[in-house]
Amino acid sequence: MAERKKGRISAWALALLLTPIGLYLAAGGFSLAALGGSWYYIAAGLATLATVFFLFRGDKRAVICFSALLIVTLVWSLWEAGLDGWALAPRLIGPLVLGLLFLTPGVRKFTGHANAWWMGGPIVATLLVFAAAVVSAQLAMPNLEPARAAARADAPSEWRVWGRTLAGDRYVPLSEINADTVDQLQVAWRYQPESGSAGGAATPLMANGRVYTCLSGHRVAALDAETGRELWVFDPQLDMSQLNFAVCRGLAYAETPEAQVCKSRIVWGVADMRLMAIDAETGQACEDFGESGSVDLKQGLGEYGRGVVMNTSPPTIVNGVAVIGHFVSDTASPETPSGVVRGYDVTTGALRWAFDAGRPDHTGAPAPGETYTHNAPNAWSIFAGDEDLGLVFLPMGNSAPDNYGAGRSESIERFSSALVAIDVASGAVRWSFQTVRHDIWDYDLATPPIAVDLNTANGSVPALIVPTKRGQIFVLDRRTGAPIDAVEERAVPQGALGEDYTAPTQPYTTGFPSLAGDALRERDMWGITPLDQMWCRTQFRRARYDGEFTPPAAPASVQYPGSTGAINWRSVSVDPEQGFVAVTTMHVADYNSVISRDEFDSRPSAGGFLEALSTYPQLGAPFAMTRPNFMSPLFAPCQEPPYGRLAVLDLNTRALRWSVPLGTAAGVGPLGLQSHLPILMGTPNFAAPTLTAGGLVFVAGAMDGILRAYDAGSGREVWSIRAPSSAPPMSFSAPESGRQILLISSGAQRGGEGRGGIGSGLIALALPQEAGAPAGGQ
């Protein structure tokens with residue numbers, strides 16, 4: 001009798017657990033079905049409630065009922081998801097765990113000792129399906145020929161520009177570190193400043209035996225490239241009073257032999273809108289540059305509020321002209337300052353020209369009392385240049401507010417989300433190529449373009465590769481802007497809010513394949529459990545989604561690729577010798593909800609900075625918007641993994657060679673927690689890849705905090721180490737020992753030597769020191 005009482009308690013406890021689950025599934029299932037969605041959840045909810053009924057009665061039909069639900073769930077899951085393990089997980093793991101509870105002694109005794117295989121059979125079948133999914137994932141990995149390691153004897157050994165060269169290819173022509181040697185990498189030296197942090201999102205530079213890097217507060221440090229010894233630190237005394245945050249993506253190096261002082265100099269944009277130059281040898285301000293080494297970039301912008309304008313990216317120096325843009329908050333008001341891009345004499349700091357997209361024919365400073373055109377699109381990312389052609393290539397943004405374009409002038413429309421080639425001597429527009437017509441999706445050109453020379457039937461053609469947030473990669477003749485790969489206009493979804501409009505067509509390349517990912521379907525919705533997966537499916541059905549370029553709609557719309565893009569400022573890397581193009585991509589949708597102007601304006605905190613992280617005031621538009629990533633109530637993405645990939649394309653044929661998920665689930669999980677599961681998933685990623693002549697692709701930036709090396713030819717991961725970083729790795733040849741150094745900025749918050757990592761700071765990795773070679777280290 002006592003045992004039956006214990007069994008009753010166990011069975012009723014299980015029934016109480018299943019009751020809210022069944023009610024939620026049934027009620028939510030009816031709502032989803034009413035929207036045209038799957039009927040599975042109604043059946044699951046009713047079957048669960050039937051199971052509850054029989055459990056309370058101690059009837060073995062409870063086991064039969066839930067067993068039947070497991071079988072139906074397994075068949076339905078395979079029909080919808082196939083053998084995709086991550087897609088199967090939210091459909092099957094929850095029911096599987098609940099099914100195991102039916103095999104506990106108390107529940108079995110109270111339900112009349114039903115045959116264990118009634119429940120055990122579906123459970124075993126489910127486990128076998130997961131095993132098959134693991135095997136399928138392994139078989140799906142690329143199996144191609146490995147890349148060859150080859151470097152020229154006269155290969156450059158330095159890294160003087162953000163993208164190594166003005167072309168921006170991030171290609172390292174060194175092969176000492178290759179697939180056969182990479183597993184021998186060890187720490188050669190580590191640099192951690194006395195205060196603050198090193199590197200951040202910046203790519204360090206290496207020139208004349210020195211490494212130059214950003215530190216926190218937009219300080220600049222010079223290090224001995226062989227040992228990592230600190231030579232000097234310059235502090236610009238960053239004024240944070242008008243800033244909400246400060247990002248330094250890198251520095252620029254210039255040699256100015258004609259100058260009286262600072263024969264070589266470091267030039268960079270400080271976040272508080274100063275362009276500064278310091279002596280690369282001594283770290284002292286260049287007195288011949290502007291006013292005591294500083295140029296005021298606020299000139300001509302007019303008044304603006306806190307956090308509206310700041311420098312984030314380094315200038316690009318082409319033929320002695322330092323070209324710099326700036327960040328402008330593009331989510332708030334059409335009265336924001338201009339996104340003007342300006343060119344300054346790298347020796348004197350004198351303004352050489354200005355490109356104001358609102359007045360492109362006026363290349364000088366505004367007249368006294370006037371400003372550059374308000375709300376003209378900006379260029380906040382990294383630029384590329386061609387000194388022989390005398391051009392600098394600007395990836396342009398768009399005007400505020402991002403999601404409403406009524407009232408934009410013809411000139412502003414022309415240059416929004418366009419690649420613009422500027423004559424670096426005069427500031428005149430040579431040509432422009434627009435990648436999005438009338439952009440109301442925040443698909444600005446965040447990615448630096450890459451200059452390459454392509455071999456064609458007509459000989460070598462100077463080309464420009466233009467990656468986009470859309471996942472389209474355009475290839476242009478960099479002399480004229482004419483497409484090398486044909487571009488076709490395709491019809492896109494129509495309909496806009498208020499007095500706005502949507503462009504009838506958008507440009508698509510016929511060359512490189514799209515890296516945006518497939519269009520979303522209801523069955524692609526995800527979650528941690530069947531409950532939040534059903535919620536995601538319902539929200540998807542409630543929103544407007546017509547594929548790419550679905551315009552903002554009331555009450556909501558799904559935007560995919562999201563505003564963070566398929567390809568963001570991380571850029572790509574190009575190996576011109578073997579014809580590899582390495583690209584990191586993200587695959588996360590946005591869920592855009594429209595808020596009426598009256599409702600938004602009545603909110604006490606409308607327009608606040610923290611709220612603006614996902615809510616956009618859009619002053620001047622008839623509506624505000626929330627634009628978060630499409631997430632479930634458990635803070636899991638509402639679409640299936642992978643959320644990040646690494647791909648290598650063939651530069652010559654434009655074909656996709658291979659593509660793999662980038663990053664494991666270790667650093668992500670529900671409710672913002674880390675799962676610590678080292679299972680390949682593909683996470684959002686925030687760093688550019690780096691190709692080398694050793695036939696490798698180095699990439700960091702995934703949310704598991706791992707620096708990885710892949711064989712560029714085969715896609716096989718050949719090496720990894722913990723090095724949490726949002727900065728792309730770079731590489732150079734050490735000036736004394738000649739060793740190839742791999743340099744990465746590693747953050748302490750996710751890694752450490754005690755957890756199998758390399759610790760924090762600016763870390764130099766190299767192969768073991770040969771006998772008699774100079775010793776490094778700090």
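This section reports on the structure supplied with the text. (Residues numbered from 1 in each chain as written. Predicted model: local features only at pLDDT ≥ 70, side-chain atom pairs only at ≥ 80, totals over all residues. Heavy atoms only, no water.)

Topic: the nonpolar core
Reasoning step 1: V211, Y212, I266 and W268 are the most contacted members of the largest nonpolar core, which has 43 residues in total.
Reasoning step 2: In terms of residues, this core owes the most to one element, strand β5 (residues 220-224), which gives 4 residues.
Reasoning step 3: With residues near it in sequence (within four places) discarded, W268 still touches H218, V220, F234, P236, G250, L251, R274, L275, M276, A277, I278 and P315.
Reasoning step 4: Counting residues in hydrophobic clusters, the runner-up holds 28 residues, among them A15, W76, F110 and A114. (Core = buried A, V, L, I, M, F, W, Y, C linked by side-chain atoms within 4.5 Å. Buried < 20%, exposed > 50% of the residue type's maximum accessible area, 1.4 Å probe, protein only. Helix = DSSP H or I, 4+ residues; strand = E, 2+ residues; numbered from the N terminus. Contact = heavy atoms within 4.5 Å.)

Re the pairing of strand β38 (residues 730-733)
Reasoning step 1: Neither face of β38 is left uncovered, since the one carrying M730 and F732 and the one carrying S731 and S733 both have all their residues buried.
Reasoning step 2: Judged from the 4 bridges that link them, β38 and strand β39 (residues 740-746) form a sheet pairing that is antiparallel. Paired with F732 across the strands is I741, a residue of β39.
Reasoning step 3: Hairpin connection from β38 to β39: 6 residues lie between these consecutive antiparallel strands, with G738 at a positive phi of about 75 degrees. (Pairing = 2+ DSSP bridges.)

Quick look at unusual backbone geometry
Reasoning step 1: P401 follows A400 through a cis peptide bond whose omega is -10 degrees.
Reasoning step 2: Of note, P401 is situated in the loop between β18 (391-395) and α7 (410-415).
Reasoning step 3: One non-glycine residue, Q618, lies in positive phi territory at about 50 degrees.
Reasoning step 4: One can find Q618 in the loop between β30 (615-616) and β31 (623-626).

A word on the sheet that holds strand β28 (residues 580-586)
Reasoning step 1: Spatial strand order, β27-β28-β32-β33: 4 strands in an open sheet with antiparallel pairing. Unpaired on one side and paired on the other, β27 (572-575) and β33 (656-661) mark the two borders of the sheet. Ignoring strand direction, the axes of neighbouring strands in this sheet form an average angle of 15 degrees.
Reasoning step 2: Pairing of β28 with strand β32 (residues 644-650), which is carried by 7 bridges, proceeds in the antiparallel orientation. (Axes fitted to C-alpha atoms, helices over the stretch in contact; angles between N-to-C directions.)

So, a nonpolar patch on the surface
Reasoning step 1: Residues W12, L16 and F56 make up a contiguous nonpolar surface patch of about 300 Å² in total accessible area.
Reasoning step 2: Within the element layout of this structure, L16 appears in helix α1 (residues 2-34). (Patch = residues over 30% accessible without salt bridge, like charges linked within 9 Å, V, L, I, M, F, W, Y side chains within 5 Å. Areas by Shrake-Rupley, 256 points an atom, 1.4 Å probe, with all protein chains shown as cover. Salt bridge = Lys/Arg side-chain N within 4 Å of Asp/Glu carboxyl O.)

Some words on helix α4 (residues 85-101)
Reasoning step 1: Its 17 residues give α4 an end-to-end C-alpha distance of 23 Å, which sits within 8% of 24 Å, the value for a rise of 1.5 Å per residue.
Reasoning step 2: L92 marks the point of greatest bend in α4, at about 40 degrees, and the proline P95 comes within the next four residues.
Reasoning step 3: Looking at α4, one finds that the buried residues are W86, A87, L88, A89, P90, R91, L92, P95, L96, L98 and G99.
Reasoning step 4: Put simply, D84 is the residue that caps the front of α4, since its side-chain oxygen is 3.1 Å from the backbone nitrogen of W86. (Expected span 1.5 Å × (residues − 1). Bend = angle between axes of the 7 residues up to and from the residue. Polar contact = N/O pair within 3.5 Å; in protein donor to acceptor, adjacent residues only side chain to side chain.)

Section: the pairing of strand β6 (residues 230-234)
Reasoning step 1: Of the strand pairs in this sheet, β5 and β6 are connected by 4 bridges, and their pairing is antiparallel. Pairing of L223 across the sheet is with E230, part of β6.
Reasoning step 2: Linking β5 back to β6 in an antiparallel pair, the connection comprises 5 residues, with G228 at a positive phi of about 80 degrees.

Details of the sheet that holds strand β16 (residues 351-355)
Reasoning step 1: Taken together, the 4 strands give an open sheet; going across it, the order is β12-β13-β15-β16, and neighbouring strands pair in antiparallel fashion. A strand with exactly one partner marks an edge of an open sheet, and here the two such strands are β12 (316-318) and β16. Neighbour-to-neighbour, the strand axes of this sheet turn through a mean angle of 25 degrees, independent of strand direction.
Reasoning step 2: Sheet topology note: the strand β13 (residues 321-324)/strand β15 (residues 341-345) ladder contains 4 bridges and is antiparallel. Within the sheet, the bridge partner assigned to A322 lies in β15 and is Y344.

A closer look at the environment of R430
Reasoning step 1: With respect to the helices and strands, the residue R430 is situated in strand β20 (residues 429-434).
Reasoning step 2: On a C-alpha basis, the gap between R430 and V392 in space is 9.9 Å, while along the polypeptide they are 38 residues apart.
Reasoning step 3: Beyond its immediate stretch of four places on either side in the chain, R430 contacts L389, L391, A421 and D423.
Reasoning step 4: Among the polar contacts listed, one links the side chain of R430 to the backbone oxygen of L389, at a separation of 3.3 Å.

A few points about the packing of aromatic side chains
Reasoning step 1: Under the criterion given, the structure shown has 22 aromatic pairs.
Reasoning step 2: Ring geometry for F53 against F54: centres 5.4 Å apart, planes inclined by 70 degrees, an arrangement best described as edge-to-face.
Reasoning step 3: Look at F53 and you get partly exposed, because its relative accessible area is 47%.
Reasoning step 4: A centroid spacing of 5.2 Å and a plane angle of 90 degrees characterise the contact between F355 and F415, whose relative ring orientation is edge-to-face. Placement of F355 in strand β16 and of F415 in helix α7 is noted, with a sequence separation of 60 residues between them. The pair formed by F355 and F415 is uniform in burial state, with each residue classed as buried.
Reasoning step 5: Of the aromatic side chains, those joined through ring pairs into one cluster are Y40, Y41 and W76.
Reasoning step 6: Between the NZ or CZ atom of R91 and the centre of the ring of W76, over which it lies, the distance is 5.5 Å.
Reasoning step 7: Against the face of Y616 rests R627, its NZ or CZ located 4.3 Å from the ring centre. (Phe/Tyr/Trp six-rings, centres within 6.5 Å; stacked < 30°, edge-to-face > 60°. Lys NZ or Arg CZ within 6 Å of the ring centre and 35° of its normal.)

In short, shape yes, function no, at least from these values alone.
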